[in-house]
Amino acid sequence: APDAQMACMPLQPKNGKHCNLRRCDYHRDTFRTQCLQRLPGLMSILGATSRCIYVGHAGQPQPTDIQGKPTDYAVYMMSCPTRDAVAATAAATAN
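Report on the accompanying structure. (Residues numbered from 1 in each chain as written. Predicted model: local features only at pLDDT ≥ 70, side-chain atom pairs only at ≥ 80, totals over all residues. Heavy atoms only, no water.)

## Observations regarding the state of the cysteines
What we call a disulfide is simply a covalent bond connecting the sulfur atoms of a pair of cysteines.
Here comes step 1: Within this structure, the stated rule accounts for two disulfides.
Here comes step 2: In this model, C19 is linked to C35 through a disulfide, with the two sulfur atoms separated by 2.2 Å. Measuring handedness by torsion sign, the sulfur bridge of C19 and C35 sits at about 70° and is right-handed. On the criterion of sequence distance, the pair formed by C19 in strand β2 (residues 18–19) and C35 in strand β4 (residues 33–38) is long-range, its members being 16 residues apart. C35 carries the same exposure label as C19, and that label is buried.
Here comes step 3: The connectivity of the disulfide bonds within the chain can be written as 1-3, 2-4, using the sequence rank of each bonded cysteine. (Disulfide = S-S within 2.5 Å. Helix = DSSP H or I, 4+ residues; strand = E, 2+ residues; numbered from the N terminus. Buried < 20%, exposed > 50% of the residue type's maximum accessible area, 1.4 Å probe, protein only.)

As structure tokens, then:
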């Protein structure tokens, strides 16, 4: 079997009940969905689209789908500071 590989890309949550004309705001006992979109920038020029994924509940690395079956992927939410937070920290340490 091939080794597992991690594919990462920066995404941000997209607000609203729909994701590419499909409903994507479910938060049920067995599954949860989230609409994600690429960050604005160069990639958005190339036709960045949003996609609805199963994200699971807190502490659940492998979410389940609408039928309660495990998905074939794992979801890890990581965050990074915003540009404003980085600038504020830089200004505070410069003084």
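## Comments concerning the environment of P63
Here comes step 1: Topologically, P63 is positioned in the loop between β5 (50–54) and α2 (83–94).
Here comes step 2: For the pair P63 and F31, spaced 32 residues apart in sequence, the C-alpha separation works out to 7.1 Å.
Here comes step 3: Setting aside its immediate chain neighbours within four residues, P63 contacts Y54, V55, G56, K69, P70, T71, Y73, A74 and V75. (Contact = heavy atoms within 4.5 Å.)

## A few points about the pattern of salt bridges
Here comes step 1: For the structure shown, the criterion picks out one salt bridge.
Here comes step 2: D25 is the salt-bridge partner of R23, the closest N and O atoms lying 2.8 Å from each other.
Here comes step 3: Owing to a relative accessible area of 40%, R23 belongs among the partly exposed residues under this scheme. (Salt bridge = Lys/Arg side-chain N within 4 Å of Asp/Glu carboxyl O.)

## As for the sheet that holds β4
Here comes step 1: With respect to topology, three strands assemble into an open sheet ordered β1-β4-β5, the strand pairing being antiparallel. Looking at which strands have only one partner, the edges of the open sheet turn out to be β1 (11–13) and β5. Each neighbouring strand pair of the sheet contributes to a mean axis angle of 40°, computed without reference to strand direction.
Here comes step 2: Bridging between β1 and β4 involves three bridges; their strand directions are antiparallel. If you follow Q12 over to β4, its bridge partner there is Q37. (Pairing = 2+ DSSP bridges. Axes fitted to C-alpha atoms, helices over the stretch in contact; angles between N-to-C directions.)

## Things to note about the side chain of D65
Here comes step 1: For D65, the position within the fold is in the loop between β5 and α2.
Here comes step 2: A polar contact is formed between the side chain of D65 and the backbone nitrogen of Q67, at a distance of 2.9 Å.
Here comes step 3: Those residues in contact with D65, other than ones at most four positions away along the chain, are T30, F31, Y54 and T71. (Polar contact = N/O pair within 3.5 Å; in protein donor to acceptor, adjacent residues only side chain to side chain.)

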